[in-house]
Amino acid sequence: MHSVSGRGRSTAVNLIQVEVVYALPEKQTVLNLRVAPDATVREIIEQSGILRQFPELDLEKNAVGIFSRQVKLEHSVHDGDRIEIYRPLLADPKEIRRRRAEQAKEEGRADKVTGGRPDPKRSRK
């Protein structure tokens, strides 16, 4: 229980526990915070200090989520939530899979018609 002063009088506020997480390939940062239950994702991220720690983060560009589900910055949180700040994708995953499939066809590791594994019965004909 943490006492917070509001409108000239002291009132008790029940704080909730949340985590703010940001991961780079070589470093993962997890910050544990106790915040007001009505705090938004944006307010919690700003309060965490992670934006000073990683100045390249831009909340207008980086997507955020709670437990791998993308949410808006105005989203409210619950006790125990993990707020995640996502890095932008360097390449489109669909495009990477398409290129990999084309390369497999060219190298003979995939059937040129179906794109699946080569069918030994088909190649004997």
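Cut-offs used in this document
Residues numbered from 1 in each chain as written. Predicted model: local features only at pLDDT ≥ 70, side-chain atom pairs only at ≥ 80, totals over all residues. Heavy atoms only, no water. Pairing = 2+ DSSP bridges. Helix = DSSP H or I, 4+ residues; strand = E, 2+ residues; numbered from the N terminus. Axes fitted to C-alpha atoms, helices over the stretch in contact; angles between N-to-C directions. Polar contact = N/O pair within 3.5 Å; in protein donor to acceptor, adjacent residues only side chain to side chain. Contact = heavy atoms within 4.5 Å.

**What to know about the sheet that holds strand E4 (residues 27-35)**
Line of reasoning, step 1. Across the sheet, which stays open at both edges, the 5 strands sit in the order E4-E3-E7-E5-E6 with mixed pairing between neighbours. Two strands close off the open sheet at either side, each with one partner strand: E4 and strand E6 (69-71). On average, each strand axis in the sheet is tilted by 30° relative to the strand beside it, whichever way the strands run.
Line of reasoning, step 2. In terms of strand pairing, strand E5 (residues 64-66) meets strand E7 (residues 82-85) through 3 bridges, oriented antiparallel. Its bridge partner being in E7, Gly-65 is matched across the sheet by Glu-84.

**Re the side chain of Glu-84**
Line of reasoning, step 1. Structurally, the position occupied by Glu-84 is in strand E7.
Line of reasoning, step 2. At 2.7 Å, the side chain of Glu-84 and the backbone nitrogen of Ser-68 are in polar contact.
Line of reasoning, step 3. Dropping the residues within four chain positions of it, Glu-84 is found in contact with Val-21, Ala-63, Val-64, Gly-65, Ile-66, Phe-67 and Ser-68.

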